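# Structural characterization, general
Chain residues, written in single-letter form:
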Amino acid sequence: MRRLLWLVLVVLILGFSREFSHMRRSAGIFDKVCRCTESLSLHVTVLDDSVFRFHFLVGAVAQADRKWLYSLASFTGPQALKVEDDGDILVLETQTHIAEIDSESCSVTVLDREETPLWQSATPLKLTAEGRLFLGLKLREGERIFGLGEKTGALDRRGRRYEMWNRDAVAYGVNDDPLYQSHPFYLSLADGRAIGSFLANTRRSYFDVGKAENDVLGISVDGGDMDLFFFGGPTPGRVLEQYTRLTGRAPLPPKWTLGYHQCRWSYPSAKRVREIAKGFRDRKMPADGLWLDIDYMRGFRDFTWNYDRFPDPKGLMSELEAQGFKTTAIIDPGIKHDPGGQYSAYDEGVIGKHFIKYPDGSDVIREVWPGKSVFPDFSARSTREWWGALIGRFLEYGLRGIWVDMNEIATFDKEFPMEAVFDGEGVPTDYREIKNIYGSLMARATYEGMLAKFPNRRPFVLTRAAFSGISRFAAVWLGDTKSAWDRLRLMPTMFQGMSLSGVSFIGSDVGGFIPGAVSPEMYARWFELGAFSPFFRSHVASGMPDQEPWSFGAEVEADAKRLLELRYRMLPYWYTVFDEFGRSGMPIIRPLWFDHPSDLESFRHEDEFFVGAALLVAPVLSTKALERRVYLPQGLFYDFFTGVAHSGPVTLRVPAPQGSVPLFVKAGSVIPQGATIQFVGDPSESTDLFLDVFPSAAGTAVSSEIYEDDGETLNYKKGDFSRLPVVVATTGKQVSVEVGKRRGKFQPRHRQLVIRIHGVETSPSTVTVDGASVAGGYSSDKRILSAAIKDDGGAHRVIANYGALRWARPRKVALRFKVELPEGTPDGDVYLASSAREWVPDGLKLKRVGAVATGTLKVNEGQLVKVRVTRGTWESAAEDPLASTIADWGLSGTKSVNLRVHSWSDF
Ligand code: GLC
């Protein structure tokens, strides 16, 4: 038997080495130029086993190699490469892919090792009548195309044509294109297998995704080269890893930026900013960021202050800082054209030759906020350095973030001229090449200036315009959205589209930006989405009513407060997901199918998404909803609030009145949570970290990791971080949670790790911590088993043993109401209208005895319920409380609710 095994092994080894006998070991980067016709050539590069570059050139001279677009530094070539070249066909074979290049036509096919074509030219490169380079790629049957950045409409881009041309897309409609950013990168999926491709050219380009021809993806570009990278996946995550390896990954943002931000255009004075800050702290509504829009400036001049309204910006910011607020200010690219105006940013810019010029050397002047303005040429290194220094000086006022806007470049009069000259880091070019990357270069100059000023503090930049690779420098938001339900509905899909394009630090203006039509309900729903957006900020246009979370009455305020508290408790989870994004490019917001590409139904539910791998969010995006349908993909999921277990694939109807967001957790996940804090670094922060464990399906084990560091500095790059590995393993009779040895030097402030096992109906027979039995810890009410372990950096294990383990099933809660009626209430019946009874005014008839009415409402455990007392009709409803939240998340059993009516609206 043994001898037989040896024989098999030898045969296998021989076979393998024959297969790869022609392969060059650890081949280094392979490079070859195929000259296909007089005017057309193709430069092929094999960067690693599954990343190829196909750089099509018209003529022999390539466009300038733009260092700001990508870096090849981390590619060392394929592990092994077999090259066959008979003069006509060049075949390049790596361990995972085969590329065939026809050197007569420059047509390319990339196949996998099973010889399935994955990426294949449909037509040779050609010059169109409009003078554009055009390449057609074959679309395979059932192939879905995702990504392409900031696009409206369905996540699968097939059937539409998209333009890459950054534009001030104020109040964009549901089908508008292009918007503010350009990301000429797509990720495709067919038969559960993912590939990706990136056009490394910043000029205006078009992606016709099977519109002109059903089975052709047509890529065209106005000048420059058709410089395409191919990423072989094979999973969506691997494609994004490969793409972000090329275009750059996101550094960890300061932790406070994951908290809540409050903005408006504009808080007009220091006094108002103080009021807003007090508004949060008085109400105990957690928040970190306060924002200053353009009116803090003197006549919209960047880097200046209007001292009448902001007499002591430094004092203001240090006062805010003491209350736990960080201030971010807006900066626009348009510098006021102000000769003789003693405006130093203008004067310095003139002296340093930093402003964009026409070919004849005169300044390009355009109207924008300050009136006539000039614009820095961020494609010049010296200009970026000058700008960085201005930013650095401006930070001295105490600013912690810089918001760069209008960088498409947006103008109020004429479009910016195409012939405008740019330095291009010494390889001069014009606006045609720079427009799409201008916003990114501005964000970069700002980021680098911040870092130069405070070398050990993480910069925070938010930008509106951007190009592929922006994650290295800035977070982004989706621009000037209208307050409308159809716009709110766009947001989750756009978040996913951006995340699938490598941009995960993303958000939208909570409440919508214009035109002030936001209702309390719409604000509340947008806020709910905001609480699960990576970037979470309320913002509204000038002249519009207030959009603070307390501006819409008591009900919205209470809902917003609860959501803010939840967001802040969940920050350890968010932070861990951000770390993963920064390290590997794995998106923060993921479509349902991301980890379930073979679950075809999951493609149809673009209004749900995952945050990280664990948390499924199903936001409510329509008016008057009391519930929503939630699709859970294949696998076991738990209701985040109740621990009730559901086996997917399944569609649930989940009660979701205003104020609630259906949330589910994938089995085996650990959601690290902290205490309810008011801001990041709140000294009242508890010293415990909660590890909310949702057991893996029986017979499986799931590993994950929890990331922590100081949240502020760059010390994490020198090993000052903490990674706690956790393995959750479940059998029919046991849930075990193993916390591994801490990796990294960072010692978090908490002393205890509190493991909370959710979702198990049965009380455990025994619980052990590191082998020793511990008592109690199980609340049958909430169905949570808690056990604390010391956070000493060592490995620990909690095991819960059960006679037989049963998953948590839905339970009902009886809400027992007792309502006191005011004196003079007419005889007759009294009712309870409630979100749990379709909001009909006579939803539940109460039993009235004199001035007291009682009744019981049975609702699902954990359900948020809102009620209002009536005498049968809305006209005769109690004036107060208008609608009160009386049952909250995590309840079970019976709850008594006492209400008191003070007056009737018809009396
Ligand atoms: C742009 C921005 C918006 C900002 C306004 C004033 O419209 O997109 O967010 O409030 O300019 O600076």
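I will try to describe carefully the structure that is included in this document. Here the structure is a predicted model, which means the values were calculated and not measured.

### Some points on the sheet that holds strand β15 (residues 193–199)
The strands that make up a sheet pair up through hydrogen bonds in the backbone, lying either parallel or antiparallel. Pairing is antiparallel across the open sheet formed by seven strands, whose spatial order is β2-β3-β4-β18-β15-β14-β11. Across the chains shown, the open sheet's two edge strands, defined by having one partner strand only, are β2 (30–35) and β11 (144–147). Strand-to-strand twist of the sheet, defined as the mean angle between neighbouring strand axes without regard to direction, takes the value 20°. Sheet topology note: the β2/strand β3 (residues 40–48) ladder contains six bridges and is antiparallel. Considered in β3, the bridge of Arg35 is made with Ser41.

### With respect to the site of the ligand
Near the ligand you find Trp265, Asp293, Ile294, Ile330, Trp369, Trp403, Asp405, Arg464, Trp477, Asp480, Phe513 and His539, and these make up its full shell. Take Asp405: an N or O atom from its side chain is 3.0 Å from an oxygen atom of the ligand. Separating an oxygen atom of the ligand from a side-chain N or O atom of His539 is a distance of 2.9 Å. Contact with the protein chains covers 97% of the free accessible surface of the ligand, which is 310 Å². For the shell around the ligand, the class distribution of residues is seven nonpolar, one polar and four charged.

### Regarding the state of the cysteines
Inspection of every chain in the model, using the stated rule, returns one disulfide. You can see Cys34 has no disulfide; the closest cysteine sulfur is in Cys36, sitting 5.7 Å from it.

### Considering the pairing of strand β21 (residues 326–331)
In terms of burial, β21 is a largely internal element, six of the six residues being buried. Here β21 shows a buried face lined by Lys326, Thr328 and Ile330 and a second buried face lined by Thr327, Ala329 and Ile331. By the bridge criterion, four bridges tie strand β20 (residues 289–292) to β21 in an arrangement that is parallel. Along β21, the bridge assignment pairs Trp291 with Thr328. Regarding the hand of the β-α-β motif, the stretch spanning β20, helix α4 (residues 313–322) and β21 is right-handed. The sheet contact formed by β21 and strand β25 (residues 401–404) spans four bridges and is parallel. Within the sheet, the bridge partner assigned to Ile331 lies in β25 and is Val404.

Conventions and cut-offs
- Residues numbered from 1 in each chain as written.
- Predicted model: local features only at pLDDT ≥ 70, side-chain atom pairs only at ≥ 80, totals over all residues.
- Heavy atoms only, no water.
- Pairing = 2+ DSSP bridges.
- Helix = DSSP H or I, 4+ residues; strand = E, 2+ residues; numbered from the N terminus.
- Axes fitted to C-alpha atoms, helices over the stretch in contact; angles between N-to-C directions.
- Near = heavy atom within 4 Å.
- Polar contact = N/O pair within 3.5 Å; in protein donor to acceptor, adjacent residues only side chain to side chain.
- Areas by Shrake-Rupley, 256 points an atom, 1.4 Å probe, with all protein chains shown as cover.
- Nonpolar A, V, L, I, M, F, W, Y, C, P; charged D, E, K, R; others polar.
- Disulfide = S-S within 2.5 Å.
- Buried < 20%, exposed > 50% of the residue type's maximum accessible area, 1.4 Å probe, protein only.
- Right-handed = clockwise from strand over helix to strand, strands pointing away.

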